[in-house]
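Spelled out from the first residue to the last, the chains are:
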Amino acid sequence: MMHFPQREDVRLRRAPLAEVICQVRFPPILRIASEQPVEFQERVRERFPRLEVEQGVLVHMAPPGPTPPSAKPEPRIFRFKSPDGNTTVSLAMNFYALSTTSYTHWSDFLDSLRLVNEAACETYALPYAVRVGLRFINHLTFENTGTSSVGELWGLLRPELTALLTADCWDEPLEMLSQLLLSGGENERLTLRSGFKGGEEPLLQLDLDYYAEGNIALERVTTLCQGYHDVIYNAFRWCIREEKLVVFAPVPADEEEES
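A brief look at the structure comes next. (Residues numbered from 1 in each chain as written. Predicted model: local features only at pLDDT ≥ 70, side-chain atom pairs only at ≥ 80, totals over all residues. Heavy atoms only, no water.)

### A word on the sheet that holds strand E10 (residues 188–197)
Link 1 in the chain: Reading across from one edge, E2-E5-E6-E7-E1-E8-E11-E10-E9 is the order of the nine strands in this open sheet, with antiparallel pairing throughout. What marks the edges here is a single partner per strand, and that holds for strand E2 (50–54) and strand E9 (175–185). Averaged over all pairs of adjacent strands, the angle between their axes in this sheet comes to 15°, without regard to strand direction.
Link 2 in the chain: Note: strand E8 (residues 129–140) against strand E11 (residues 203–216), eleven bridges, orientation antiparallel. Among the inter-strand pairings, Gly-133 is bridged to a residue of E11, identified as Tyr-211.
Link 3 in the chain: The strands that helix H3 (residues 106–124) touches are strand E1 (17–25), strand E6 (87–92), strand E7 (95–100) and E8; relative to E7, the one it contacts most, it runs at about 160°. (Pairing = 2+ DSSP bridges. Helix = DSSP H or I, 4+ residues; strand = E, 2+ residues; numbered from the N terminus. Axes fitted to C-alpha atoms, helices over the stretch in contact; angles between N-to-C directions. Contact = heavy atoms within 4.5 Å.)

### What to know about the side chain of Asp-209
Link 1 in the chain: In this structure, Asp-209 sits in strand E11.
Link 2 in the chain: Buried charged residue Asp-209 carries no salt bridge. Nearest counter-charge: Arg-193, at 4.2 Å.
Link 3 in the chain: Beyond its immediate stretch of four places on either side in the chain, Asp-209 contacts Arg-131, Leu-134, Arg-135, Arg-189, Leu-190, Thr-191 and Arg-193. (Buried < 20%, exposed > 50% of the residue type's maximum accessible area, 1.4 Å probe, protein only. Lys, Arg positive; Asp, Glu negative; His and termini not counted. Salt bridge = Lys/Arg side-chain N within 4 Å of Asp/Glu carboxyl O.)

### Considering the packing of H3 against helix H7 (residues 221–239)
Link 1 in the chain: Two numbers describe how H3 lies on H7: the axes approach to 10 Å, and their chain directions differ by 155°. Between H3 and H7, the crossing angle belongs to the class labelled roughly antiparallel. Judged by the twist between their axes, the crossing of H3 over H7 is right-handed. Residues Trp-106, Leu-110, Leu-113, Arg-114 and Asn-117 of H3 form the contact with H7, whose own contacting residues are Val-221, Thr-222, Cys-225, Gln-226 and His-229.
Link 2 in the chain: Considered class by class, the residues forming the contact of H3 with H7 number five nonpolar, four polar and one charged. (Parallel < 35°, antiparallel > 145°, perpendicular 65-115°, else oblique. Left-handed = near helix turned anticlockwise from the far one by under 90°. Nonpolar A, V, L, I, M, F, W, Y, C, P; charged D, E, K, R; others polar.)

### Details of the state of the cysteines
Linking two cysteines covalently through their sulfur atoms gives a disulfide.
Link 1 in the chain: For the coordinates displayed, the defined rule picks out zero disulfides.
Link 2 in the chain: Left unpaired, Cys-239 is separated from the closest cysteine sulfur, that of Cys-225, by 20 Å.
Link 3 in the chain: Take Cys-239: its relative accessible area is 0%, and that puts it in the buried class. (Disulfide = S-S within 2.5 Å.)

Okay, structure coming up:
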């Protein structure tokens, strides 16, 4: 089980978030694969007016011999995008997802998730979810942290997460990736990944992915994700040294209330 200290949600002017993703998987619905999602589009079109259709191809390579490789089309994925293209709703025959690369605040994301969940459930009479996941991917760089050396960059995280990077036997590793899987209760897990990539523009990644598997009632999706968000936020605050949160320009509580 996890015991991250509870933290008040503080809005950050320079949040290091690269992407936020919520994916809901459900038993395959052939109707989604075989027809145009006209009704679903109408439900989300005001907020996500741009449409792209992705058609993948699965290539099967035969063992060495006279049989040539074969290819067959993968099920389509419909992607409905916001006007600026930064937020996307994806719909396939066995999942829907909401993702954004311009995260503003959890309440905004949750409102869009509620819209998409209702549109999918009511359009396709989805029976239940088999997996619900919420993922926050953070990229810490010199630019968004105001640091100027890899040592300063590593110093933003708790030493438990950077111990391999700062070992005495080497200087400035080129890459590092670690993954920790934690139990959040029955059928719930949190994957905490931390990584580093060196070079001219060093990148420190903090990837927090909370998910549940089983037969999950779809009317519970937004409530569950609220709980997942709270755990992820508390985990993020634990990962960042308390005195280093200032580099992300926290918004004072009184200013937050005025806005």
